[in-house]
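Descriptive structure summary
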Amino acid sequence: ITNKTGLEMLIGSLNPDIIINATAFANVDKCETEKEKCWSTNVIGIKNLVETAPYSYIVHFSTDYVFDGTQNDDYSETDIPNPLNFYGLSKLCGEEVLLGHRHSLVIRTTGVYGWELQKKNFVYKLYLTILHSWVLYLVGIGAAIFLFFKGAIILAIISQIASYGLLAIVEP
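Residues numbered from 1 in each chain as written. Predicted model: local features only at pLDDT ≥ 70, side-chain atom pairs only at ≥ 80, totals over all residues. Heavy atoms only, no water.

Turning to the pattern of salt bridges, a few remarks are in order. Here the structure, examined in full by the defined rule, presents three salt bridges. A salt bridge links Glu 51 to Lys 4, with the shortest nitrogen-to-oxygen separation between them at 2.4 Å. Placement of Glu 51 in helix α3 (residues 35–52) and of Lys 4 in helix α1 (residues 4–14) is noted, with a sequence separation of 47 residues between them. Since its relative accessible area comes to 29%, Lys 4 is described here as partly exposed. Taking the shortest distance from any N to any O, the salt bridge between Glu 95 and Arg 108 comes out at 2.6 Å. Here Glu 95 is found in helix α4 (residues 86–99), whereas its partner Arg 108 is found in strand β3 (residues 104–109), with 13 residues between them in sequence. Side by side, Glu 95 and Arg 108 carry an identical accessibility label, which is buried. Beyond isolated ion pairs, a larger network of salt bridges with shared partners links Lys 4, Lys 47 and Glu 51. (Salt bridge = Lys/Arg side-chain N within 4 Å of Asp/Glu carboxyl O. Helix = DSSP H or I, 4+ residues; strand = E, 2+ residues; numbered from the N terminus. Buried < 20%, exposed > 50% of the residue type's maximum accessible area, 1.4 Å probe, protein only.)

Looking now at the pairing of strand β2 (residues 57–63). For a regular strand, side chains alternate in direction, first toward one face of the sheet and then toward the other. For β2, the tally of buried residues reaches seven of seven residues, placing the bulk of the element in the interior. The alternating pattern of β2 places Tyr 57, Val 59, Phe 61 and Thr 63 and Ile 58, His 60 and Ser 62 on opposite faces, both of which are buried. Pairing of strand β1 (residues 18–21) with β2, which is carried by four bridges, proceeds in the parallel orientation. Considered in β2, the bridge of Asn 21 is made with His 60. Two strands pair when backbone bridges link them, and β2 and β3 are joined in this way by six bridges, in the parallel orientation. By the bridge assignment, Thr 63 is partnered in β3 with Thr 109. Following the chain from β2 across α4 to the adjacent parallel β3, one finds a crossover that is right-handed. (Pairing = 2+ DSSP bridges. Right-handed = clockwise from strand over helix to strand, strands pointing away.)

What follows deals with the pairing of β3. Of all six residues in β3, six are buried, a share of seventy percent or more. Here β3 shows no split at all, with Ser 104, Val 106 and Arg 108 on one side and Leu 105, Ile 107 and Thr 109 on the other all buried.

Turning next to the side chain of Ser 56. Its location among the elements puts Ser 56 in the loop between α3 and β2. A polar contact of 2.6 Å, which involves the side chain of Ser 56, links it to the backbone oxygen of Pro 16. Setting aside chain neighbours within four positions, we find Ser 56 in contact with Pro 16, Asp 17, Ile 19, His 101 and His 103. (Polar contact = N/O pair within 3.5 Å; in protein donor to acceptor, adjacent residues only side chain to side chain. Contact = heavy atoms within 4.5 Å.)

Put into C-alpha cells, the structure is as follows:
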C-alpha cells in the first residue's frame, strides 16, 4: 500500500469492484518512535489506494484509538474523535482521506483477535501471560472482536453495498 507503483500495477491488473483494506502500521508504541513509517502506511497508503482505485468500493478498518477513552459508553459514529497518540492520529487522518472517496466505508473497531502467523495478537499475548505468570490483570482493555465475527459483518455490509461513511462495530 505504500508502494504506489506496485499498487497501481496490482489494482490495474485486477480491476476490483470491492477492496477490503486491513493494512495498518498498528504497533502503537512503535508508531510513537517510527512516525514516518506509521504515517506512510496509515495515511499515505490510504491516499495511494484512493488514487489508484477511484471506481472501486473501499472498505477500510480503523480503530477506537481515534478516541481518548474518557467516555463510559461505547463510542458511536457521531462521537467526536480525540486521539491521544500518533497511531490514533494517523488512523483518523487515514479515515479522512478515505471518506473523501465517493465509494467508501470506514469501520471503526476495537481489538481484533483470530489466527495469525506472527502470533502478536491479543489472544496469543493473553495465552503467554497466563502460561508464564498465572496472574493476569486487564486494565483499560476494550471489547475485543473475533476475526470471524468481523468477517461476517463485512460480508453482510458488502452484500448490501448501500453503506457510505463511518460505522462503529462492537461484538455483542
